[in-house]
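Fold and contact review
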Amino acid sequence: MPREPLLFAFQGSSSIPCSDRISALRFAANQLRLLFSAFVSILVATLRCALLGTRLACATAGTLRLKLLKIAARVTVSVRRV
């Protein structure tokens, strides 16, 4: 992946709470938080690659999260009707 889109992806991740700080007292907790943050960054970058050519290709991480939650809510509601 080229460097510029990846930099923009990390700039968009600042809307995710606690994505830029490590504040737990234990090393293992900080390491786990950092691992989750890295996983989310890779997941968002992969999702953006899959969304090339759509209007969501340049959306922020917060927008992508909101859209996915809305889709999950609709699926849950439609499953309960069946």
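As shown above, the structure is provided for reference.
About the cut-offs
Residues numbered from 1 in each chain as written. Predicted model: local features only at pLDDT ≥ 70, side-chain atom pairs only at ≥ 80, totals over all residues. Heavy atoms only, no water. Helix = DSSP H or I, 4+ residues; strand = E, 2+ residues; numbered from the N terminus. Buried < 20%, exposed > 50% of the residue type's maximum accessible area, 1.4 Å probe, protein only. Contact = heavy atoms within 4.5 Å. Polar contact = N/O pair within 3.5 Å; in protein donor to acceptor, adjacent residues only side chain to side chain. Expected span 1.5 Å × (residues − 1).

1. Some words on the overall build of the protein
The helix and strand inventory of the protein stands at three helices and zero strands. If you list the helices and strands of the protein from N to C, you get α-α-α. Counting the 82 residues in the protein, one finds 15% classified as buried. Within the protein, residue pairs in contact and separated by at least 24 positions form 35% of the contacts whose partners lie at least 6 positions apart.

2. As for the side chain of Arg-48
Within the fold, Arg-48 resides in helix 2 (residues 27–50). By relative accessible area, which is 10% here, Arg-48 ends up buried. Only 2.6 Å separates the side chain of Arg-48 from the backbone oxygen of Ala-59, close enough to count as a polar contact.

3. Observations regarding helix 2
In this model helix 2 runs 35 Å from its N-terminal to its C-terminal C-alpha over 24 residues, within 8% of the 34 Å that 1.5 Å per residue would give. Along helix 2, the residues that are buried comprise Asn-30, Ser-41, Val-44, Ala-45 and Arg-48.

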